[in-house]
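Structural overview for review
So you can see what is in the structure, the chains are spelled out below.
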Amino acid sequence: MRTYEQYWERRFGSEGMIWGTEPSPTAWKARELFLPHNVRTVFVPGAGYGRNTKAFSREFIVEGVELSETAVKLASEWDPDSEIRCGSALDDREPDEFCDAVYCYDLLHLFLEPERRKLVAACLNRLRPGGFLYFTGFSDEDPCNGRGESLEPGTYRYKEGKYAHFFSEKDWAAHFSGTDILETGTLHESLNGAAEGKHDYILRTMFARKKG
Ligand SMILES: C[S@@+](CC[C@H](N)C(=O)[O-])C[C@H]1O[C@@H](n2cnc3c(N)ncnc32)[C@H](O)[C@@H]1O
């Protein structure tokens, strides 16, 4: 098992439902945005233990992919209505069926530029033309932006053993050129992790439609 996978496996193994049970306000917001567009199926890459899929699984058919086997097991108990499989969201496999929408919470900022491109391409590949995307990622307005070693423009090793990309408004446009961006926003999110305690983050959000 690679170090990166071990990191998530260890965290879910020791901390369980790391960020509690309440979905992110962005999941409720995405649900509100999807509903009037007759969305039926939602794909969630990096679905974790189902904290956010649960905001969708009452109305929509939800499929997810998650790297950590332990998180997938937790998700099967917490949100049995969603179907979350173990694997990498970077693997671009031909979908059996296109989905109507993708919700991706705080996954994209975990990668360097080539992998970020891969993740966006894999998500677009699963999505039907005219389908919707709702993404979140660390904002360049977050206080951690610019801390630690610079790895590439906008990406920093902001903590021991952890790096992230901090998104500007321009970054959304650069990453999602295959879409029409319908709405962007900024949000202060508070997470109360069992091991980390309370953490405040500034996130950027983006709602877009795949061209087609
Ligand atoms: C910051 S967490 C967000 C979790 C989830 N979206 C939530 O809020 O509960 C990132 C998640 O993505 C998963 N992950 C990281 N890299 C991944 C990859 N390449 N493919 C699928 N999942 C991945 C991690 O295991 C973790 O569950």
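See the structure shown above.
Residues numbered from 1 in each chain as written. Predicted model: local features only at pLDDT ≥ 70, side-chain atom pairs only at ≥ 80, totals over all residues. Heavy atoms only, no water.

Quick word on helix 4 (residues 113-126)
In this model helix 4 runs 20 Å from its N-terminal to its C-terminal C-alpha over 14 residues, within 8% of the 20 Å that 1.5 Å per residue would give. Looking at helix 4, one finds that the buried residues are Arg116, Leu119, Val120, Ala122, Cys123, Leu124 and Arg126. (Helix = DSSP H or I, 4+ residues; strand = E, 2+ residues; numbered from the N terminus. Expected span 1.5 Å × (residues − 1). Buried < 20%, exposed > 50% of the residue type's maximum accessible area, 1.4 Å probe, protein only.)

Details of the packing of aromatic side chains
This structure, assessed with the given rule, holds 22 aromatic pairs. Each ring, one from tyrosine 7 and one from tryptophan 8, has its centre 5.0 Å from the other, and the planes form 80°; the classification is edge-to-face. For the pair tryptophan 19 and tyrosine 49, a centre-to-centre distance of 6.1 Å together with 15° between the ring planes defines the contact as stacked. One end of the pair, tryptophan 19, is in the loop between helix 1 (3-15) and helix 2 (25-34); the other, tyrosine 49, is in the loop between strand 1 (41-45) and strand 2 (61-66), and 30 residues separate them in sequence. When its relative accessible area of 1% is taken as the criterion, tyrosine 49 is described as buried. (Phe/Tyr/Trp six-rings, centres within 6.5 Å; stacked < 30°, edge-to-face > 60°.)

A few points about the pairing of strand 3 (residues 83-86)
The pairing of strand 2 with strand 3 spans 4 bridges and is parallel. Counted as the bridge partner of glutamate 63 is glutamate 83 from strand 3. Each parallel crossover has a hand, and for strand 2 linked through helix 3 (residues 69-78) to strand 3 it is right-handed. (Pairing = 2+ DSSP bridges. Right-handed = clockwise from strand over helix to strand, strands pointing away.)

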